[in-house]
Amino acid sequence: MSVTLTLLALRQLRPNARHVLWPRIDQKSCLKAVSAAGLTPVPIENLLDGDELRTDLDALAAKLSEIGADDVLCVLTTTSCFAPRGVDKLLDVARLCAEQGVPHLCNNAYGVQCDRCMKAIASASRHGRLDCFIQSTDKNFLVPVGGAIVATADGRHGPELLAKVRSTYAGRASISPVLDLFCTLLHLGADGWLRLLERRRASFPDFRRKLEAVAAKHGERVLHTPNNGISMSVTLTPPEGSKPAGSLGASLFVRLVSGLRVVTPSAAGKTVGGIPFESYGAHYSGYPCAYFSVACAIGIADGDVDLFLRRLDKALAEWKKPPRQPKAKAGGADGAAGNGSCAAKDRDLAKDFRPNPSAKEFVPAAQPAACMTAAPPCSAEKAEEKGVAAE
């Protein structure tokens, strides 16, 4: 909603522009934010650089020239995202926007906790054009979902846009997100919050090293994504006749592991917000392998990492296990001579339903205790006698 509000404010500054150039990130909320503002999103396909997906600057510049700078409301980039997508090339995009006179917004959803994302924002604001960047409070400050912060570090273009965002806001929203953030920051203090950031940063390389060991144990590998400091991805190679890749996520969910994202690239198309995508969910059309993504986010502890990896190890072993083959019948071709263990199980099962000749009659189970039975309806006369108020 904050992205939509910012786009609506920007429309007042550029009333004739209707297109938003958007390096592809397969997250429905981004498309919905653009569509809700009555604008036309123009996806820019990413480039596959080794394992990692990066911004295609040539395609972005070509599309900007094709549409025309006057008809482009802004370029909407992304920092924090699911691997194997990396942080957008903010500095290069910011320089392109400054050269063409096009506003530049950044979706920094959970990038505040990552120094790599914040350094990219600072560099783009200082050496190019980055009008404002938007981040969630819940993803960065350990508060409930519902709040966002719109900020700028660009002294030339940012203040005007922020003033327009403030004047566009209609009011009447709940104050709960503000109170949640205020109380949490008072509880943590500056030192406490910085310690959480440092612990997350220090946990990331250790998490990756342990994840690589678990992946190698099961014949997989961690994808090389050096420009993503929060999320990691592991390949998924299903053996012959194994379960589909998506079942791994279900197996971990029942083990109380949430947030893991399994992606199976497919040539099947999907339409989101009126725009057709191929292999939606992978940020790219035709990624070469299936994978799952995990994140090392703020608030994580060493015990959380170890517990997750133990459960992941068990889930991968179960997923990789070949399915059981049905046992052959013990009899002839038509099975008339017997059917092996199945027949034995049927005989054992039948014993449970044979009548017992020694039993004289069926004795019902004991009635439930009085405290478990429903009380009979109470009449008005009896209620008055007991002192119960009757309507």
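1. Quick look at the layout of surface pockets
Step number 1: One number sums up the size of the largest pocket: a volume of about 1,200 Å³.
Step number 2: Residue lining of the largest pocket: 36 residues in total, with Met-1, Ser-2, Gly-147, Ala-148 and Ile-149 positioned closest to the centre.
Step number 3: Listing elements by their share of the lining of the largest pocket, those giving two or more residues are helix H1 (2–13), helix H2 (28–36), strand S7 (132–136), helix H6 (137–141), strand S8 (148–151), helix H7 (158–168) and helix H8 (176–217).
Step number 4: In terms of residue class, the lining of the largest pocket is made up of 21 nonpolar, eleven polar and four charged.
Step number 5: Reported here for the second largest pocket is a volume of approximately 650 Å³.
Step number 6: Forming the walls of the second largest pocket are 24 residues, and the residues nearest its centre are Ser-258, Gly-259, Leu-260, Ala-295 and Ala-297.
Step number 7: Broken down by secondary-structure element, the contributors of at least two residues to the lining of the second largest pocket are H6, strand S13 (290–295) and helix H10 (302–320).
Step number 8: Classifying every residue of the lining of the second largest pocket gives 15 nonpolar, five polar and four charged.

2. Comments concerning the sheet that holds strand S10 (residues 261–263)
Step number 1: The strand order across the open sheet built from three strands is S9-S13-S10, with neighbouring strands paired in antiparallel fashion. Single-partner strands in this sheet number two, and they are strand S9 (231–236) and S10. Direction aside, neighbouring strands of the sheet carry axes that sit 25° apart on average.
Step number 2: Alignment of S9 against S13, held across six bridges, turns out to be antiparallel. Bridging across to S13, Ser-233 finds its partner in Ser-293.

3. Examining the packing of aromatic side chains
Step number 1: On inspection of all chains with the given rule, the structure shows five aromatic pairs.
Step number 2: Plain terms: the ring middles of Phe-207 and Phe-308 are 6.1 Å apart, the flat faces sit at 80° to each other, and that makes the pair edge-to-face. With Phe-207 in helix H8 and Phe-308 in helix H10, this residue pair connects regions lying 101 residues apart in the sequence. The exposure classification of Phe-207 matches that of Phe-308, with both residues buried.
Step number 3: Measuring from centroid to centroid gives 5.4 Å for Tyr-287 and Tyr-291, while their planes differ by 70°, and the two rings are edge-to-face. One exposure class covers both Tyr-287 and Tyr-291, and it is buried.
Step number 4: In this structure an aromatic cluster arises from ring pairing among Trp-22, Phe-277 and Tyr-280.

4. Concerning the pairing of strand S1 (residues 19–23)
Each regular strand displays side chains that alternate between the two surfaces of the sheet.
Step number 1: Counting buried residues in S1 gives four out of five residues, a clear majority hidden from the surface.
Step number 2: Relative to strand S2 (residues 40–44), S1 runs parallel, the two being bridged by five bridges. When the sheet's bridge partners are listed, Val-20 is paired in S2 with Pro-41.
Step number 3: Following the backbone out of S1, through H2 and into the adjacent parallel S2, one traces a crossover that is right-handed.
Step number 4: As paired strands, S1 and strand S5 (residues 72–78) are joined by three bridges and run parallel to one another. Of the residues in S5, the one forming a bridge with Leu-21 is Val-75.

5. Description of the sheet that holds strand S6 (residues 104–107)
Sheet strands line up and pair through hydrogen bonds in the backbone, either parallel or antiparallel.
Step number 1: Strand order across the open sheet formed by six strands is S2-S1-S5-S6-S7-S8, with mixed pairing between neighbours. The sheet is open, and its two borders are formed by S2 and S8, each paired with just one other strand. The mean inter-strand angle of the sheet, taken between neighbouring strand axes irrespective of direction, is 20°.

Basis of the calculations
Residues numbered from 1 in each chain as written. Predicted model: local features only at pLDDT ≥ 70, side-chain atom pairs only at ≥ 80, totals over all residues. Heavy atoms only, no water. 1 Å grid on protein atoms, 1.4 Å probe; cavity = no way out; pocket = protein on both sides within 12 Å on 5 of 7 lines; lining within 4 Å. Points joined across faces, edges and corners; volume = space filled by probe spheres on them. Helix = DSSP H or I, 4+ residues; strand = E, 2+ residues; numbered from the N terminus. Nonpolar A, V, L, I, M, F, W, Y, C, P; charged D, E, K, R; others polar. Pairing = 2+ DSSP bridges. Axes fitted to C-alpha atoms, helices over the stretch in contact; angles between N-to-C directions. Phe/Tyr/Trp six-rings, centres within 6.5 Å; stacked < 30°, edge-to-face > 60°. Buried < 20%, exposed > 50% of the residue type's maximum accessible area, 1.4 Å probe, protein only. Right-handed = clockwise from strand over helix to strand, strands pointing away.

So far we have only geometry, and geometry alone does not tell us how the molecule works.
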